[in-house]
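# Structural description and commentary
Here is how the chains run, residue by residue.
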Amino acid sequence: MNLLAHLRIETRAAHRALEDELGFLHRLDSPARYAGVLAAFLGFHEPLEKALDASIAAHDLPWELAPGAGLLAGDLRGLGWSSARIASLRRADPPDVAELPALVGSLYVVEGARLGGRLITRWVGEALGPVPVSFFASDGDVRRRLRRFGAVAEHVLTADQAEAASAAANLHFRIFGEWLRAVS
Ligand code: HEM
């Protein structure tokens, strides 16, 4: 089994739990509630991306993060939030991604989440009409990008590190879920 398939299977339950928790996104009743979700995502993504960038550099991983926190901030500004309000948002303690398997596990969650983002974009549009969705909509071919990430990850990770990567991916899901509950 390739690494991506392994990660998908091992994190299926954690994904389903988070999906249930965010299911309200398809019946959003106000742009303010949507902005609250973007703000919660930003509070997690911004410190996470810093940690991921540092670890990518430390491991010389041939991978570049896709824009995330910047898009979230742009969407919030589009919804009328000032830069000061965005800057004052609480930030999360991100998962520890210093070790290579943890880096791969977290990057898998970040990259994979963009697949679900397409569906969320549709839900938000149906519920609220035209609101800024650049974070969830993601540019480009997200499925192809995830496959490319899988190839990079397989190249750098030894087979016996796959378990540590899926444990890290599960931990990432858990910490993110706890963060969403804490700020909502
Ligand atoms: C309401 C919330 C969500 C929905 C409806 C959703 C839905 C989906 C869907 C439909 C896919 C599969 C796409 C496909 O294969 O065609 C997917 C994949 C994925 N999602 Fe979500 N998602 C949600 C939230 C999240 C969140 C918050 C995260 C991460 C923090 C996440 C992480 C992932 C990952 C890692 C994959 C890739 C699975 C794979 O290996 O193929 N999802 N999601």
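Cut-offs and rules
Residues numbered from 1 in each chain as written. Predicted model: local features only at pLDDT ≥ 70, side-chain atom pairs only at ≥ 80, totals over all residues. Heavy atoms only, no water. Helix = DSSP H or I, 4+ residues; strand = E, 2+ residues; numbered from the N terminus. Rg over C-alpha atoms; globule rule 2.2 N^0.38 Å. Buried < 20%, exposed > 50% of the residue type's maximum accessible area, 1.4 Å probe, protein only. Near = heavy atom within 4 Å. Polar contact = N/O pair within 3.5 Å; in protein donor to acceptor, adjacent residues only side chain to side chain. Donors = N, O, S within 2.8 Å, 3.2 Å for Na, K, Ca; no water. Salt bridge = Lys/Arg side-chain N within 4 Å of Asp/Glu carboxyl O. Phe/Tyr/Trp six-rings, centres within 6.5 Å; stacked < 30°, edge-to-face > 60°. Lys NZ or Arg CZ within 6 Å of the ring centre and 35° of its normal. Patch = residues over 30% accessible without salt bridge, like charges linked within 9 Å, V, L, I, M, F, W, Y side chains within 5 Å. Areas by Shrake-Rupley, 256 points an atom, 1.4 Å probe, with all protein chains shown as cover. Lys, Arg positive; Asp, Glu negative; His and termini not counted. Charge placed at Lys NZ, Arg CZ, Asp CG, Glu CD.

By the naming in an unreviewed UniProt entry, the chain goes by Heme oxygenase and is assigned to Lentzea guizhouensis.

With that out of the way, let us pick up the overall build of the chain. The helix and strand tally for the chain stands at nine helices and zero strands. Its helices and strands taken in sequence order, the chain reads α-α-α-α-α-α-α-α-α from the N to the C terminus. Taking 184 residues into account, the globule formula puts the C-alpha radius of gyration at 16 Å, and the chain, at 16 Å, falls close to it. Projected onto its principal axes, the C-alpha positions of the chain cover 45 × 30 × 30 Å.

Here we come to the side chain of His45. Relative to the elements of secondary structure, His45 occurs in helix α3 (residues 31-59). His45 sits in the buried class, given a relative accessible area of 10%.

A word on the site of the ligand. Taken together, 17 residues sit near the ligand, with Arg8, His15, Tyr108, Gly112 and Arg143 positioned nearest. Contact distances for the ligand include 2.9 Å between an oxygen atom and a side-chain N or O atom of Arg8. One of the side-chain nitrogen or oxygen atoms of Tyr108 is found 2.5 Å away from an oxygen atom of the ligand. At the level of secondary structure, the elements contributing two or more residues to the shell around the ligand comprise α2 (12-21), α6 (100-128) and α9 (162-183). Take the shell around the ligand: its biggest share by element is nine residues, from α6.

Attention now goes to the coordination of the iron atom of the ligand. Exactly one donor from the protein chain reaches the iron atom of the ligand: His15 (NE2), at 2.1 Å. Its location among the elements puts His15 in helix α2.

Bringing the pattern of salt bridges into the picture now. Per the stated rule, a full pass over the model turns up six salt bridges. Between Arg181 and Glu21 there is a salt bridge whose closest N-O contact spans 2.8 Å. Placement of the pair is Arg181 in helix α9 and Glu21 in helix α2, with a sequence separation of 160 residues. For Arg181, a relative accessible area of 48% puts it in the partly exposed group. Between Glu178 and Arg174 there is a salt bridge, with its nearest N and O atoms 3.1 Å apart. Of the two residues, Glu178 and Arg174 both sit in helix α9, four residues apart, roughly one turn of that helix. Residue Arg174 is classed as partly exposed on the basis of its relative accessible area, which comes to 46%. Counted as one network, the salt bridges with shared partners bring together Glu111, Arg114 and Arg145.

With that settled, the discussion passes to the packing of aromatic side chains. Here the distance between the centres and the angle between the planes together describe a pair of aromatic rings. Under the criterion given, the structure shown has six aromatic pairs. A centroid spacing of 5.3 Å and a plane angle of 75° characterise the contact between Phe41 and Phe136, whose relative ring orientation is edge-to-face. Here the residue Phe41 occupies a position in helix α3, and Phe136 occupies one in helix α7 (residues 134-137), the gap between them amounting to 95 residues. Neither residue differs from the other here; Phe41 and Phe136 are each classed as buried. Each ring, one from Phe41 and one from Phe176, has its centre 5.0 Å from the other, and the planes form 80°; the classification is edge-to-face. One end of the pair, Phe41, is in helix α3; the other, Phe176, is in helix α9, and 135 residues separate them in sequence. This pair shows no difference in class: Phe41 is buried, exactly as Phe176 is. Members of the aromatic cluster, joined through ring pairs, are Phe41, Phe44, Phe135, Phe136 and Phe176. Its end group placed over the ring of Phe24, Arg33 keeps NZ or CZ at 4.1 Å from the ring centre.

Turning our eyes to something else, we now look at a positive patch on the surface. Together, Arg8, Arg12, Arg16, Arg143, Arg144, Arg147 and Arg148 give the surface a local cluster of positive charge. At the level of elements, α2 and α8 (142-156) are the ones that each hand at least two residues to the positive patch. With four residues, the single largest contributor to the positive patch is α8. Looking at where Arg12 falls in the secondary structure, it is placed in helix α2. The class of Arg12 is partly exposed, set by a relative accessible area of 43%.

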